[in-house]
Structure formats: structure tokens, C-alpha cells
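One-letter residues, chain by chain:
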Amino acid sequence: MADEEIFQEFQDFLAKRRKSTITLNGKQIKAYDIRTITLEQFRMLIACGNDSHNNQIRVTKSGMVYLSEDIVGSEQLDDVALSFETFSAHNGYVGVKAAEDNSHVIPLYYALLGNWTSGCSHTYIDSF
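Presented here is an overview of the structure given in this document.

Structural notes on the pairing of strand β3 (residues 55–60)
With six of six residues buried, β3 lies mostly within the body of the structure. If you look at the hairpin formed by β3 and strand β4 (residues 64–69), you'll find three residues sitting between the two strands, and Gly63 has a positive phi there, around 95°. In terms of strand pairing, β3 meets strand β5 (residues 80–84) through three bridges, oriented antiparallel. Each residue of the ladder has a partner; that of Arg58, found in β5, is Ser83.

Written out as C-alpha cells, the structure is:
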């Protein structure tokens with residue numbers, strides 16, 4: 001196998017590891033591995049949110065970060081290692097504009113990473 005082919009296979013492997021989906025109530029949800037999620041990928045999660053619904057950032061026990069729509073608060077937490085406070089609908093916490101707002105996204109991103117690396121010392125994050 002040529003070096004270029006090996007390199008491409010490795011790149012494909014990394015891409016699959018960084019971005020995948022999880023199934024929530026029969027629906028495929030975009031998710032990223034918390035060990036490799038970048039700030040830009042986190043922005044994408046926020047940008048994909050629908051502000052006409054309640055949303056919540058959640059992390060599974062295996063480390064997959066996703067934005068849960070309508071399943072928020074204390075609902076369906078069996079496989080959830082940590083979650084943020086619920087982003088109530090119609091408040092601009094998710095969507096493209098929210099994702100472009102550094103004063104909103106960056107504190108969330110660092111609270112997410114910090115809490116995970118500290119062993120999920122807080123399972124519910126409402127200050128960041």
C-alpha cells in the first residue's frame with residue numbers, strides 16, 4: 001500500500017472518530033467525541049440548534065457531545081454523564097447567530113471540556 005493510501009485511510013479514520021451520530025428516540029443526532037471536539041465543531045452543534053425548541057448540551061457516558069432538542073432537563077438521563085442548563089426556546093441560545101457569538105460559545109466550550117477532564121465533577125452545569 002502506498003504512503004498516500006495509508007495517509008488517506010488514517011485521515012478517514014480520524015474524521016469518523018471526530019464526528020459521528022447517536023440515536024435519540026429513533027432520530028439520528030450529530031455528535032462529537034469530547035476528547036477531540038474542536039471549538040469550530042462545538043460551534044456547529046450550536047449553529048444546528050433550532051431556537052423554536054428547548055435545547056440542551058449533553059455528553060454521553062462514552063464521551064459523545066450532542067445537542068438534545070426537546071429532550072431536556074431531567075428527561076432520559078440514563079446514558080448522560082453531564083448536561084448543561086436547558087436553553088429555553090426563543091432566547092437565541094442556539095442557531096447561527098448564537099454560534100457566532102464568542103461571548104456565548106467560548107465559555108460553554110471551556111466549561112464542557114473542563115468538567116469532562118475533571119471527571120464530571122458536576123453532572124449539571126449551570127454556571128460558566
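Thoughts on the nonpolar core
Judged by nonpolar contacts, the single largest core of 25 residues is most densely connected at Phe42, Ile57, Val65, Leu82, Phe84 and Leu112. For Leu112, the residues in contact, after removing those within four places along its chain, are Ile34, Phe42, Ile57, Val59, Val65, Leu82 and Phe84. Counting residues in each nonpolar core, the second largest holds eight residues, with Ile22, Leu24, Met64 and Tyr66 among its members.

Overview of the side chain of Ser83
If you trace the backbone, Ser83 turns up in strand β5. The exposure class of Ser83 is buried, given its relative accessible area of 4%. When near neighbours in sequence (up to four residues on either side) are disregarded, Ser83 contacts Gln56, Ile57, Arg58, Thr123, Tyr124 and Ile125.

Here we look at the packing of aromatic side chains
Applying the stated criterion across every chain, the model contains three aromatic pairs. For the pair Phe42 and Tyr109, a centre-to-centre distance of 5.8 Å together with 50° between the ring planes defines the contact as tilted. Within this pair, whereas Phe42 is found in helix α2 (residues 39–47), its partner Tyr109 is found in helix α4 (residues 102–117), the two being separated by 67 residues in sequence. Just as Phe42 is buried, Tyr109 falls in that class too. With 5.2 Å between their ring centres and 75° between their planes, Tyr109 and Tyr110 make a pair best called edge-to-face. For Tyr110, a relative accessible area of 53% puts it in the exposed group. Aromatic ring contacts, followed pair by pair, group Phe42, Tyr109 and Tyr110 into a single cluster.

Procedures and definitions
Residues numbered from 1 in each chain as written. Predicted model: local features only at pLDDT ≥ 70, side-chain atom pairs only at ≥ 80, totals over all residues. Heavy atoms only, no water. Buried < 20%, exposed > 50% of the residue type's maximum accessible area, 1.4 Å probe, protein only. Helix = DSSP H or I, 4+ residues; strand = E, 2+ residues; numbered from the N terminus. Pairing = 2+ DSSP bridges. Core = buried A, V, L, I, M, F, W, Y, C linked by side-chain atoms within 4.5 Å. Contact = heavy atoms within 4.5 Å. Phe/Tyr/Trp six-rings, centres within 6.5 Å; stacked < 30°, edge-to-face > 60°.

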